[in-house]
Amino acid sequence: MSQRLDHSKIAPNAAKGFYAASAYLSQCGLPTVLIDLVYLRVSQINGCAYCVDLHSRDLLKHGVSVDKLVLVPVWREAGALFDARESAALAWAEVLARVDRTGAPDEDFAAVSRVFSEREVVDLTMAICLMSAFNRLGVGMRLVPQAAAAAAAAA
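Quick notes on the rules
Residues numbered from 1 in each chain as written. Predicted model: local features only at pLDDT ≥ 70, side-chain atom pairs only at ≥ 80, totals over all residues. Heavy atoms only, no water. Disulfide = S-S within 2.5 Å. Buried < 20%, exposed > 50% of the residue type's maximum accessible area, 1.4 Å probe, protein only. Axes fitted to C-alpha atoms, helices over the stretch in contact; angles between N-to-C directions. Helix = DSSP H or I, 4+ residues; strand = E, 2+ residues; numbered from the N terminus. Parallel < 35°, antiparallel > 145°, perpendicular 65-115°, else oblique. Left-handed = near helix turned anticlockwise from the far one by under 90°. Contact = heavy atoms within 4.5 Å. Nonpolar A, V, L, I, M, F, W, Y, C, P; charged D, E, K, R; others polar. Salt bridge = Lys/Arg side-chain N within 4 Å of Asp/Glu carboxyl O. Expected span 1.5 Å × (residues − 1).

Caption draft 1: Seen up close, the state of the cysteines. Enumeration over the complete set of coordinates arrives at zero disulfides. There is no disulfide at Cys-51, and the cysteine sulfur nearest it, in Cys-48, is 3.4 Å away. Residue Cys-129 stays outside any disulfide, its sulfur separated by 13 Å from that of Cys-28, the closest cysteine. Judged by relative accessible area, Cys-129 falls into the partly exposed class, the value being 44%.

Caption draft 2: Highlighting the packing of helix H3 (residues 32–46) against helix H4 (residues 49–61). In contact at an axis separation of 9 Å, H3 and H4 are set at 155° when each is read in the N-to-C sense. Taken together, the axes of H3 and H4 are roughly antiparallel relative to one another. Where H3 crosses over H4, the two elements pack in a sense that is left-handed. Across the interface between the two elements, Val-33, Asp-36, Leu-37, Tyr-39, Leu-40, Ser-43 and Gln-44 from H3 touch Cys-51, Val-52, His-55, Ser-56, Asp-58 and Leu-59 from H4. The residue makeup of the contact of H3 with H4, split by class, is seven nonpolar, four polar and two charged.

Caption draft 3: Local environment of unusual backbone geometry. Residue Ala-104 is not a glycine yet carries a positive backbone phi of 50°. Following the sequence through the fold, Ala-104 ends up in the loop between helix H7 (99–102) and helix H8 (106–115). Although it is not a glycine, Arg-142 adopts a positive phi angle of roughly 55°. Among the secondary structure elements, Arg-142 is positioned in the loop between helix H9 (118–140) and helix H10 (146–154). The class for Arg-142 is partly exposed, based on a relative accessible area of 30%.

Caption draft 4: Quick look at the pattern of salt bridges. The final tally for this structure, using the stated rule, is six salt bridges. With a closest N to O distance of 2.8 Å, Glu-94 and Arg-41 form a salt bridge. On the criterion of sequence distance, the pair formed by Glu-94 in helix H6 (residues 84–97) and Arg-41 in helix H3 is long-range, its members being 53 residues apart. Across this residue pair, the class does not change: Glu-94 and Arg-41 are buried. For Arg-85, the salt bridge identified is with Glu-120, shortest N-O distance 3.1 Å. Highlighted residues: Arg-85 in helix H6 and Glu-120 in helix H9, separated in sequence by 35 residues. Several salt bridges converge on common partners, so that one network encompasses Arg-41, Arg-76 and Glu-94.

Caption draft 5: Quick look at H3. Spanning 15 residues, H3 covers 21 Å between terminal C-alpha atoms, matching the ideal 21 Å at 1.5 Å per step. Trailing H3 by a residue or two, Gly-47 shows a phi angle of about 70°, which is positive.

Here it is in structure tokens:
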């Protein structure tokens, strides 16, 4: 696989907007690991290999165990491995990543609102939206995951 276009060089001002939103989210007060878990789950749903690779590596750097990392796609079956806030965030991420099918039902919004403040729900929702947009760039432009680039270089 090779990259189609370098969006950040071709449209730097548009890319700056994405990165500004990302910078905001890194400072919004939600835990970094929580945001990265959401980024990973949304990327898995959207099939973005570049972002799955990137956010898996980020979670490992932040001390998340491999045991927890590999269970992100099946977090509902992982018992107490994911706490109440992580579970609520992952559930909301799945609902919004599949909004074409779910319509973001009131009961799902109520569930996330039980464990997050209004501001946190908005920030979490922004993170989910941003990652969905980044995934479309990653898939559409065929961004090459670090693991794939390393394997190609070694070959």
